[in-house]
Structures are given as structure tokens and as C-alpha cells.
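Coordinate inspection notes
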Amino acid sequence: MRLVDTHCHLYLPEFEDDLNGVMERAATEGVERFYLPAIDSSVSDKTLQMEAAFPGKCFAMAGLHPCSVKENYADELALVEQQLTARKFAAVGETGLDFYWDKTFVQQQYDAFRKQIAWAKQYRIPVIIHSRQSTPECIDQIKELYDERLTGIFHCFGGSLEEAQQIIALGFYLGIGGVVTYKNAGLAAVIAQLPLDNIVLETDAPYLTPAPFRGKRNESAYLKYVVEKIADVKKMRVEDVAELTTANAEKIFSSKS
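Below is a summary of the structure that appears in this document. (Residues numbered from 1 in each chain as written. Predicted model: local features only at pLDDT ≥ 70, side-chain atom pairs only at ≥ 80, totals over all residues. Heavy atoms only, no water.)

Notes on the pattern of salt bridges
For the structure on display, the rule yields 14 salt bridges. In this structure, Lys121 engages Asp147 in a salt bridge whose closest nitrogen and oxygen atoms are separated by 3.6 Å. Here Lys121 is found in helix H4 (residues 106-123), whereas its partner Asp147 is found in the loop between helix H5 (135-145) and strand S6 (152-154), with 26 residues between them in sequence. Across the pair, exposure class does not vary: Lys121 and Asp147 are buried alike. Shared partners join several salt bridges into a network, and the residues in it are Asp18, Arg25, Arg217 and Glu219. (Salt bridge = Lys/Arg side-chain N within 4 Å of Asp/Glu carboxyl O. Helix = DSSP H or I, 4+ residues; strand = E, 2+ residues; numbered from the N terminus. Buried < 20%, exposed > 50% of the residue type's maximum accessible area, 1.4 Å probe, protein only.)

Here it is as C-alpha cells:
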């Protein structure tokens, strides 16, 4: 079974003490590739260091997370633009809108999001979208700015069936992780009604740990619990879910891989 973790923050301090063990456990479970979303300038060097330490396995993104959009966001965006000019990245992101934690910089979040969408189109790489309590607004931005160069993933998708269908109609993908295993999330019922053609897998490690280990640190090896849950709700073989979602990940990141 071959798996791809399309969204994991394995460069964060939570993994400093046992990163090699994390990677070995992931390999044991068939996870072959790891895509590392950026947050802001405080971690951009770490994503590149991890990519260098695990060549052909880890792939860095460049971007500014909406929760890191503050007074200095223009300076942060300038650094992202410098990175994108200097070398190839797997994707732009994660970017998007977050209306859960803080609405102080909403207009700046929109500005940062739109600029990063433009860069994704310019460099013909996917855009990875964070849409916490802002899925309709993120969809609207993609619709407004869409052209044939634009594709990407709605990371940690947790929206409605209608929202999922809108995202798929735009040629985007749904990033599905541990939330699908949570009984009260409602995501499993949405996935049951969707084809797997536009679904990719993610952990968002160290966050959003699947149900068996909820409350503990997440890691890429736990992707198997996401695969098993999707297979259960879709009445499919685990191997077939793995094959389809891995093919989807390879397709969307083909400009990098």
C-alpha cells in the first residue's frame, strides 16, 4: 500500500526528539511522500532543511498562513515571493482565510490570500487552502480568480456536501484527514456521497489526530486510520482507497514530483 501525506508539519518542535522514528513508522505503514506546508518566516528554513534531509520524500511549500497575517504581513509576503523566485516549490501554502481565531486582520487575510493565488497561477503550482470557518468565502475567492492555471487542495476539508461539490466543480481537491474519524463531525456522511476522484489524504500532523489517538500528537503513520475510515464509509477495499488517493496526490503535485 502506497500513501501520500499531502499536508504535515513534521518540522515543528513536537517532532524534534523522534523525527527519524516518525519517518520510519510512516514508511512501515506505506507513506512514501510528505508535503510540508509553510506557516511563516519562522519555519521556512525548517521546511527546507527537512526537504534536504529526506530527498525525494519530503517536499516544501512556500506561503503565509492566515493566522500569521499580522501588521507585518507585507514583509512576510515579500519573503514568500523571494522564495518562489529563487527555486521550485511543491505548492503555495498554506494560505486562505481563518475566521475562528482572530478577525483583527480579515482584510489583510484576503489580500494575502489573493496574492498567493496569483503566485500559484504564475508558477503553475497548486495552492493549499486553509478555510477554518471560512469555506464559502474561500470558494468565492477561487471562483472570482479562477483560470485554467489554478488548482489546489482545500486542506482539512470539513464542509457540507454542497461546498464539496462546488470545490470539485472547480477542479480542486478535498484534503481529508483525522476529522473523518470523529463521530460528531459529519464528514464521513459527506465523503460517503462523493467519488474519490478529487480526494487526497493528509494528517496535518501534529494536529487533528484520528479517533484512536485523539488528544495525542498526530503523525504520518496514522494516515492508515483515515484510509480505513474512508474505505468503511465508501464500502471499498482499503487498498483501492490508497491507490486512488495516491494517484490523485501524484496528479496534483505532478509539477513538482
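Points about H4
Taking 1.5 Å as the rise per residue, H4 with 18 residues should run 26 Å; its terminal C-alpha atoms sit 26 Å apart, in good agreement. Taken together, the buried positions of H4 are occupied by Val106, Gln109, Tyr110, Ala112, Phe113, Gln116, Ile117, Trp119, Ala120 and Lys121. Of the surrounding elements, those touching the buried residues of H4 are helix H3 (73-86), strand S4 (92-96), strand S5 (127-130) and H5. Directly beyond the C-terminal end of H4, a positive phi value near 55 degrees is found at Arg124. (Expected span 1.5 Å × (residues − 1). Contact = heavy atoms within 4.5 Å.)

Here's the deal with the packing of H3 against H4
The interhelical angle for the contact between H3 and H4, taken along N-to-C directions, is 10 degrees, at an axis separation of 11 Å. Judged on the interaxial angle alone, H4 and H3 are roughly parallel. Counted together, Tyr73, Leu77, Val80, Glu81, Leu84 and Thr85 of H3 and Gln108, Asp111, Ala112, Lys115, Gln116, Trp119 and Tyr123 of H4 form the full contact between these two elements. Across the contact of H3 with H4, the residue classes tally to seven nonpolar, three polar and three charged. (Axes fitted to C-alpha atoms, helices over the stretch in contact; angles between N-to-C directions. Parallel < 35°, antiparallel > 145°, perpendicular 65-115°, else oblique. Nonpolar A, V, L, I, M, F, W, Y, C, P; charged D, E, K, R; others polar.)

Focus: the packing of aromatic side chains
Summed over all chains, the structure comprises eight aromatic pairs. Judged by centre distance (6.4 Å) and plane angle (45 degrees), the rings of Phe99 and Tyr110 are tilted. Taken together, the positions of Phe99 in the loop between S4 and H4 and Tyr110 in helix H4 put the pair 11 residues apart, joining distant regions of the chain. Side by side, Phe99 and Tyr110 carry an identical accessibility label, which is buried. Between the aromatic rings of Tyr100 and Trp101, the centroid separation amounts to 4.8 Å while the plane-to-plane angle is 90 degrees, which identifies the pairing as edge-to-face. In this structure Tyr100 comes out as partly exposed when scored by relative accessible area, which is 38%. (Phe/Tyr/Trp six-rings, centres within 6.5 Å; stacked < 30°, edge-to-face > 60°.)

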